[in-house]
Amino acid sequence: MPEIPAAAAAGVQPVRLLGSGSTAHVYLAYDQGGRQVALKVLLPAAARQDNPGAAEMFANEVRMTLQLRHTHLVRGYSGQAYGEGAYLTLEYFPEGSLDGQLTAGAPLPLERGAGILHGVAAGLHYMHGQGAVHQDVKTQNVYLDGNRAVLADFGASYMIAQGGRAGGSPFYMAPEIYRGEGGTAASDVYSLGVLGYEVLAGQRPFRAESYEDLMGEHLLTAAPALSHIAPQVPRSLARLLQRALAKAPADRPGLDELLEALAEAAGNQSPAPAGTATEKGVTESGVRLGRHAAAPAPECRAADEPASGLFSRWNPFRKKGGPS
Ligand SMILES: Nc1ncnc2c1ncn2[C@@H]1O[C@H](COP(=O)(O)OP(=O)(O)OP(=O)(O)O)[C@@H](O)[C@H]1O
């Protein structure tokens, strides 16, 4: 195992590599108290300032993860945002992410799928109430712990009041994000809508072979009726998830409405109410955010950012497993 001095100083010992993303290696590790944690360590090239965009995203992820506390958001334990020793320890999920549990063309059973979506919606609802946007809702960023779904990866997230850059992953990005406008609560709702189709219909609403074609679909093509491709979904929920994909942000439903319909469809599988925060002092105001972000923050790009100039966390056209 590599030497990770800052983590070692905090008593965190890596055991094995779990995987690597665009900004970090992730290890299974034990913390000082013997608890299993996921240890994220900034990629060496990024730490050496070869890739300042990745280093900035990682620092952002460390700050946001340690700041936000909710049952349906990944729990951060400790971290260092900058420098060669930049690291983050997180709640470890042995079951892995939602991505690994979906097979293209095979929807999840309604109660299970709606329960997962309810968890993600609850995590988003809390974030929006705190004045933050997530900007990267996708199956790879939802981890599972039995019936509890947990939203993770805050590298692209920001506090609206402080401003930030439009970003996301192309299969999930709202039309306004493609146009380079700042992310809002409504653009997170759009990404949740895409996730809803994947989970409950077993297919994404928009597919294409190139970035430009995919952008065209998101900007111009109406989403297929969810009630047609997933007839098992209650009509009211199917309509809401389809409306989540409305081209105009103002036409999308709020999370309150979605939470209610998802809770009903999930039956008793829904593990926690929307407002459940896990730490004292954290309140849930349910505020709906304004449509535009404040002044843009300095440039912050991931290594796989597409040529469009948007801050995209994921290149949809690179070869990888899972639904495409
Ligand atoms: N908390 C966690 N528990 C269990 N496994 C994790 C955890 N966090 C990350 N992993 C594993 O490590 C891999 C890399 O995670 P990471 O968040 O760095 O990248 P990613 O989300 O796959 O990509 P990117 O951040 O570039 O979009 C994941 O694919 C997952 O297998």
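- By the naming in an unreviewed UniProt entry, the protein goes by Serine/threonine protein kinase and is assigned to Deinococcus piscis.

## A word on the UniProt feature "binding site: ATP" (unreviewed entry) in the protein
Logical step 1: Per the UniProt record, the feature "binding site: ATP" (unreviewed entry) sits at K40.
Logical step 2: By the element assignment, K40 lies in strand 3 (residues 36–42).
Logical step 3: What K40 contacts, discounting residues up to four positions off in sequence, is A24, H25, V26, F58, E61, A86, Y87, L88 and L90.
Logical step 4: Of the polar contacts made by the side chain of K40, one reaches the side chain of E61; its length is 2.8 Å.

## Here's the deal with the packing of aromatic side chains
Logical step 1: All told, the structure shown has two aromatic pairs when counted by the stated rule.
Logical step 2: Measuring from ring centre to ring centre gives 5.4 Å for F93 and Y143, while their planes differ by 20°; the resulting arrangement is stacked. Placement of F93 in the loop between strand 5 (87–91) and helix 4 (110–129) and of Y143 in strand 7 (residues 142–145) is noted, with a sequence separation of 50 residues between them.
Logical step 3: A residue is classified by how much of its surface remains accessible, and Y143, at 29% relative accessible area, is partly exposed.
Logical step 4: Here the aromatic rings of Y178 and Y211 are separated by 5.8 Å at their centres, their planes lie at 50°, and the arrangement is tilted. Highlighted residues: Y178 in helix 5 (residues 175–178) and Y211 in helix 7 (residues 211–220), separated in sequence by 33 residues.
Logical step 5: With a relative accessible area of 7%, Y178 lands in the buried category.

## Topic: the sheet that holds strand 5
Logical step 1: What the five strands build is an open sheet, ordered 1-2-3-5-4; its pairing is antiparallel. In the strand order of this sheet, the two ends are held by strand 1 (13–20) and strand 4 (76–80), each with one partner. The sheet shows a mean angle of 25° between the axes of neighbouring strands, direction not considered.
Logical step 2: As paired elements, strand 4 and strand 5 share four bridges and run antiparallel to each other. Its bridge partner lying in strand 5, G76 is registered against L90.

## As for the pairing of strand 8 (residues 148–151)
Every regular strand shows the same layout, with side chains that alternate between the two sheet faces.
Logical step 1: On strand 8, burial covers both faces: R148 and V150 on one face and A149 and L151 on the other are all buried.
Logical step 2: With four bridges connecting them, strand 7 and strand 8 associate as antiparallel partners. Of the residues in strand 8, the one forming a bridge with L144 is A149.
Logical step 3: Counted along the chain from strand 7 to the antiparallel partner strand 8, the turn is two residues long, and its residue G146 has a positive phi close to 65°.

Calculation rules
- Residues numbered from 1 in each chain as written.
- Predicted model: local features only at pLDDT ≥ 70, side-chain atom pairs only at ≥ 80, totals over all residues.
- Heavy atoms only, no water.
- UniProt positions renumbered as here; feature names shortened; annotations may be inferred.
- Helix = DSSP H or I, 4+ residues; strand = E, 2+ residues; numbered from the N terminus.
- Contact = heavy atoms within 4.5 Å.
- Polar contact = N/O pair within 3.5 Å; in protein donor to acceptor, adjacent residues only side chain to side chain.
- Phe/Tyr/Trp six-rings, centres within 6.5 Å; stacked < 30°, edge-to-face > 60°.
- Buried < 20%, exposed > 50% of the residue type's maximum accessible area, 1.4 Å probe, protein only.
- Pairing = 2+ DSSP bridges.
- Axes fitted to C-alpha atoms, helices over the stretch in contact; angles between N-to-C directions.

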